[in-house]
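If you want the building blocks of each chain, they are given just below.
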Amino acid sequence: GSSIKDGRLVYEYYADYDKLDIAGGTRDLDKQIQTPRLLVRRTGDKLCSVYSNSQELVESTLYIVTSEEMDLGYLQALMFSKVWDFYLKKKLLTN
């Protein structure tokens, strides 16, 4: 999640997939390399996402959002809107 900065990916960490000890759904390489997709930070005080058309591995701090029916660029634009931010803070965040 910390690799998303101002709506873009900052590559700071690299790993060899075959040497990783991964548990759960993130072990499925097909899910990891599916493109295009949105990478959404799981935690934080505001919604943070980035559009990715590259095949890169992500860790469990990010959700991977894919869709064949919805334009992911449009969805990301919604995520950056003030209305969406207000709604999420009122409905989903706990104090």
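Note that the coordinates shown come from a computational prediction; the quantities given were computed from them, not determined experimentally. (Residues numbered from 1 in each chain as written. Predicted model: local features only at pLDDT ≥ 70, side-chain atom pairs only at ≥ 80, totals over all residues. Heavy atoms only, no water.)

(A) Spatial organisation of the overall build of the protein. Of regular secondary structure, the protein possesses 3 helices and 5 strands. Counting across all 95 residues of the protein, residues that qualify as buried make up 22%. Contacts spanning at least 24 positions in sequence make up 50% of the contacts within the protein whose residues lie at least 6 apart. (Helix = DSSP H or I, 4+ residues; strand = E, 2+ residues; numbered from the N terminus. Buried < 20%, exposed > 50% of the residue type's maximum accessible area, 1.4 Å probe, protein only. Contact = heavy atoms within 4.5 Å.)

(B) Layout of the nonpolar core. Within the largest apolar cluster, 5 residues are counted, these being Leu 38, Val 40, Leu 72, Leu 75 and Met 79. At the level of secondary structure, the elements contributing two or more residues to this core comprise β3 (37-41) and α2 (72-79). Ranked by residue count, the leading element in this core is α2, at 3 residues. Non-local contacts of Leu 38, meaning those with residues more than four positions away in its chain, are made with Val 50, Tyr 51, Tyr 63, Ile 64, Val 65, Leu 72, Leu 75, Gln 76 and Met 79. (Core = buried A, V, L, I, M, F, W, Y, C linked by side-chain atoms within 4.5 Å.)

(C) Molecular detail of the side chain of Ser 52. Tracing the backbone through its elements, the reader meets Ser 52 in strand β4 (residues 49-52). At 3.3 Å, the side chain of Ser 52 and the backbone nitrogen of Ser 54 are in polar contact. (Polar contact = N/O pair within 3.5 Å; in protein donor to acceptor, adjacent residues only side chain to side chain.)

(D) A look at the environment of Thr 35. For Thr 35, the location among the structural elements is in the loop between α1 (29-33) and β3. As a C-alpha pair, Thr 35 and Asn 53 span 18 residues in sequence and 5.3 Å in three-dimensional space. Sequence-distant contacts of Thr 35, defined by excluding residues within four places in its chain, comprise Asn 53, Ser 54 and Gln 55.

(E) Quick look at the sheet that holds strand β5 (residues 62-65). Sheet architecture is open: 3 strands sit in the order β4-β3-β5, paired in antiparallel fashion. The open sheet has two edge strands with one neighbour each: β4 and β5. Each neighbouring strand pair of the sheet contributes to a mean axis angle of 25°, computed without reference to strand direction. Two strands pair when backbone bridges link them, and β3 and β5 are joined in this way by 4 bridges, in the antiparallel orientation. Counterpart to Leu 38 in the pairing with β5 is Val 65. (Pairing = 2+ DSSP bridges. Axes fitted to C-alpha atoms, helices over the stretch in contact; angles between N-to-C directions.)

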